[in-house]
Amino acid sequence: MKFLRTLLVAVWVVSFSAAAWAHTTIIASNIKDGAELAAAPAAFVFAFGAEVGLAGLELETLGGDPIVLDFNRRSNMGKDYSVPLPPLAAGAYILKWRAVAKDGHVMRGEVDFTITG
Ligand SMILES: [Cu+2]
């Protein structure tokens, strides 16, 4: 039984790292998580470490009010994205992204930033 358990753990570890290999996150962007900016850039420009399908990008205030973005879900895969941003008043904002890896798994992340005005 001990051998079987060790084997199962080994299989789990290997499959977990194989799955993680296909996953990625934003590796470069003009708005970094935690950034404090005097004004919003004209666009959120960001790049993933591997090709993904960008399934969603939402902007909201810290209070949860959504801000409409000029973003349409794209079916093609890519690493580099640019989504126009509207002018933003001073305050705290959260960008929430959702991307689909090549293996079909969905990855999510957030970029929190503040416009100091
Ligand atoms: Cu996966």
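Residues numbered from 1 in each chain as written. Predicted model: local features only at pLDDT ≥ 70, side-chain atom pairs only at ≥ 80, totals over all residues. Heavy atoms only, no water.

## Examining the pattern of salt bridges
The condition that has to hold: Salt bridge criterion: a side-chain nitrogen from Lys or Arg within 4 Å of a carboxyl oxygen from Asp or Glu. Strands here mean DSSP runs of E at least two residues long; helices mean DSSP runs of H or I at least four residues long; both are numbered from the N terminus. Type-normalised accessible area, obtained with a 1.4 Å probe on protein chains alone, sets the label of each residue: buried when under 20%, exposed when over 50%, and partly exposed for intermediate values.
Taken as a whole and judged by the stated rule, the model has three salt bridges. The salt bridge involving Glu 58 is made with Arg 98; its shortest N-O contact spans 3.9 Å. One end of the pair, Glu 58, is in strand 3 (residues 43-61); the other, Arg 98, is in strand 6 (residues 91-100), with 40 residues separating them in the sequence. Looking at Glu 58, the relative accessible area reads 41%, which means it is partly exposed. Judged by its relative accessible area of 26%, Arg 98 falls in the partly exposed class.

## Describing the coordination of the copper ion
Keep this limit in mind: Sites may look incomplete because water is not among the atoms; the donors themselves are N, O and S atoms within 2.8 Å of the metal, or within 3.2 Å for Na, K and Ca. Here the metal geometry follows the donor angles, with tetrahedral for four donors whose angles all fall between 85 and 135 degrees, square planar for four and octahedral for six when opposite donors are more than 155 degrees apart and every other angle is between 65 and 115, and irregular for all the rest.
Coordination of the copper ion by the protein is provided by His 23 (NE2), Asp 103 (OD), Asp 103 (OD) and His 105 (ND1), with metal-donor distances spanning 1.8 to 2.7 Å. Coordination geometry of the copper ion: the four donor atoms subtend angles of 53 to 124° at the metal centre, consistent with an arrangement described as irregular. Within one chain, the residues serving as donors to the copper ion are arranged as H-x79-D-x1-H. With His 23 in the loop between helix 1 (2-21) and strand 1 (26-29) and Asp 103 in the loop between strand 6 and strand 7 (106-115), this pair connects stretches of sequence that are 80 residues apart.

## Details of the pairing of strand 6
We count it as follows: Strand pairing is assigned whenever DSSP identifies at least 2 bridges connecting the two strands.
Sheet analysis places strand 3 next to strand 6, joined by eight bridges and oriented antiparallel. Opposite Gly 56, over in strand 6, you have Arg 98 as the bridge partner. Here strand 6 runs beside strand 7; their pairing, made up of ten bridges, is antiparallel. When the bridges of strand 7 are listed, Lys 96 appears paired with Glu 110. Linking two consecutive strands that pair antiparallel, namely strand 6 and strand 7, is a turn of five residues; a positive phi of about 90° is found at Gly 104 within it.

## As for the packing of aromatic side chains
This is how the line gets drawn: Centres within 6.5 Å make a pair out of two Phe, Tyr or Trp rings, where for Trp the six-membered ring is used; the pair is then stacked when the planes are under 30 degrees apart, edge-to-face when over 60, and tilted otherwise.
As enumerated under the stated definition, the model contains six aromatic pairs in all. Plain terms: the ring middles of Phe 46 and Phe 48 are 5.9 Å apart, the flat faces sit at 70° to each other, and that makes the pair edge-to-face. Side by side, Phe 46 and Phe 48 carry an identical accessibility label, which is buried. When the centroid spacing of 5.6 Å and the interplanar angle of 20° are considered together, the rings of Tyr 93 and Phe 113 count as stacked. Separated by 20 residues along the polypeptide, Tyr 93 in strand 6 and Phe 113 in strand 7 bring together distant segments of the chain. For the pair shown, Tyr 93 and Phe 113 are each scored as buried.

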